[in-house]
Amino acid sequence: MFHRLRRPLSTLGAAAGAAALSATLQKSRQAESESDPLNPYKVGATLGQGAFAIVKLVTSKLTGEEFALKLVDKRWTKASAMEQELAVLRAVGRHRNVVGMVDSFEMKDVYGLVLELATGGEVFDRLCDRGTYTERDAAALVRQVASALQHIHRADVVHRDIKPENLLFVDASNPSPNPNASPSPNPSPHPHPNQARGRLGGGAGEGVRLRAVSLLRRRPPQDQGHGRHHGLHGARDAQGAGQ
């Protein structure tokens, strides 16, 4: 009788051990999933890629909002340089005319920066595609850039690379048609300003954001004896295509 019961008891013990191991593994995987910094996001298509970083489209699983995820290769990035970049981006914070940082994290091989998404392309490309634009649209754009710079300067940070390539449209909505595509049979020698060739975009209210690259932050007053500023190298690929 003893020998008859020995095998079933051994089988039951093995089954219990397997169940316990399975539960342990499940808890471990759940803990890893919860600690995974990418867990809150659904990772999508590649938006841009540079020598040391890649930019991915990500969507918040909680809100459905889209962002640009910049993944920086640790092999080519000093920890001190990344710390400076993060410090400056945190100091700048969020503003409607600045591509701000939403989140940041560190993984085994990369640093991750979750940035606001601007999908309308660069002002430079819009100028190349559509040519000159009206004084009204130019004034609206400069006003938004000035608002961005005012915000950055209040954080004791300066931008060292203001140019059309670093100005992004929030989206590509309300594109303005080229009126010269179908010229009037009796064109006026003095067209209305809004009929000028190649308007910049969807009107004076179109949103523009400044890339947060090539930033420079002033040192605290007590550190100015050793130099007035510490720098942040501009990463052109950091907020590449679509960002």
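Residues numbered from 1 in each chain as written. Predicted model: local features only at pLDDT ≥ 70, side-chain atom pairs only at ≥ 80, totals over all residues. Heavy atoms only, no water.

**Quick look at the nonpolar core**
Defined as follows: Nonpolar cores were defined as sets of buried Ala, Val, Leu, Ile, Met, Phe, Trp, Tyr and Cys residues, with membership established by side-chain atoms within 4.5 Å. Relative accessibility under 20% of the residue-type maximum defines a buried residue, over 50% an exposed one, and the middle range a partly exposed one, all with a 1.4 Å probe and only protein chains included. Only DSSP runs of H or I with at least four residues qualify as helices, and only runs of E with at least two residues qualify as strands; both kinds are numbered from the N terminus onward. Only heavy atoms matter for contacts: two residues are in contact if any of them lie within 4.5 Å across the pair.
By size, the foremost hydrophobic cluster in this structure holds 29 residues, and its most contacted members are V92, L113, V157, L167 and L215. Where this core is concerned, the elements lending two or more residues are α2 (79–92), β5 (110–116), α4 (135–154), β7 (167–169) and β8 (208–210). Aside from chain neighbours lying at most four places away, what touches L167 is G121, E122, V123, L141, V145, V208, R209 and L210. Of all hydrophobic cores here, the second largest spans seven residues; its members include V58, F67, L69 and L71.

**Describing the packing of aromatic side chains**
The condition is simple: Aromatic contacts are taken between Phe, Tyr and Trp rings whose centres are within 6.5 Å, Trp giving its six-membered ring; a plane angle under 30 degrees counts as stacked, one over 60 as edge-to-face, and the others as tilted. Counted as over-ring charges are cases with an Arg CZ or a Lys NZ within 6 Å of the ring centre that also lie within 35 degrees of the ring normal.
Inspection of every chain in the model, using the stated rule, returns one aromatic pair. Here F52 and W76 contribute two aromatic rings whose centre-to-centre distance is 6.4 Å and whose plane-to-plane angle is 40°, an arrangement assigned as tilted. Taken together, the residues span a long stretch of sequence, with F52 in the loop between β1 (41–49) and β2 (53–60) and W76 in the loop between β3 (66–73) and α2 at a distance of 24 residues. Directly above the aromatic system of Y111 lies the positively charged group of K74, at a separation of 5.2 Å from the ring centroid. R126 extends its terminal NZ or CZ atom over the ring of F169, reaching a point 3.8 Å from the ring centre.

**Some remarks on the pairing of β3**
Applicable threshold: Two strands pair if DSSP finds at least two bridges between them.
Burial runs high along β3: seven of the eight residues are buried. As paired strands, β2 and β3 are joined by seven bridges and run antiparallel to one another. Residue K56 lies in a different strand from β3, and its bridge partner there is L69. Across seven bridges, β3 lies against β5 in antiparallel orientation. In the sheet register, K70 faces β5, and the bridge partner there is L113.

**As for the pattern of salt bridges**
To keep things clear, this is the line we draw: Salt bridge criterion: a side-chain nitrogen from Lys or Arg within 4 Å of a carboxyl oxygen from Asp or Glu.
For the structure shown, the criterion picks out six salt bridges. For R75, the salt bridge goes to D73, with nearest N and O atoms at 2.7 Å. The class of R75 is exposed, set by a relative accessible area of 65%. Across the pair K163 and D161 runs a salt bridge whose closest N-O atoms are separated by 3.5 Å.

**Focus: α2**
How we decide: Multiplying one less than the number of residues by 1.5 Å gives the expected span of a helix. Regarding the arc, it is the one traced by the directions from the helix axis to the C-beta atoms.
Over its 14 residues, α2 extends 20 Å from the first C-alpha to the last, a length consistent with the 20 Å expected when each residue adds 1.5 Å. For α2, the complete set of buried residues consists of M82, E85, L86, V88, L89 and V92. The arc that holds the buried residues of α2, viewed along the axis, is 165°, so those residues lie on one side. α2 presents E83 and R90 as exposed residues on the side facing more than 90 degrees away from its buried surface. Two residues or fewer past α2, G93 is found with a positive phi of approximately 70°.

**A word on unusual backbone geometry**
In this structure, D156 is a non-glycine residue whose phi angle is positive, near 65°. By the secondary structure assignment, D156 is in the loop between α4 and β6 (157–159). The residue S214 is not glycine, and still its phi comes out positive at about 55°. With respect to the secondary-structure elements, S214 resides in the loop between β8 and β9 (215–218).

**Comments concerning the sheet that holds strand β4 (residues 101–106)**
Definition in use: Each axis is a line fitted through C-alpha atoms, and for a helix only the stretch in contact is used; angles between axes span 0 to 180 degrees, taken between their N-to-C directions.
One open sheet holds the five strands; their spatial order is β1-β2-β3-β5-β4, and the pairing between them is antiparallel. Single-partner strands in this sheet number two, and they are β1 and β4. The mean inter-strand angle of the sheet, taken between neighbouring strand axes irrespective of direction, is 25°.

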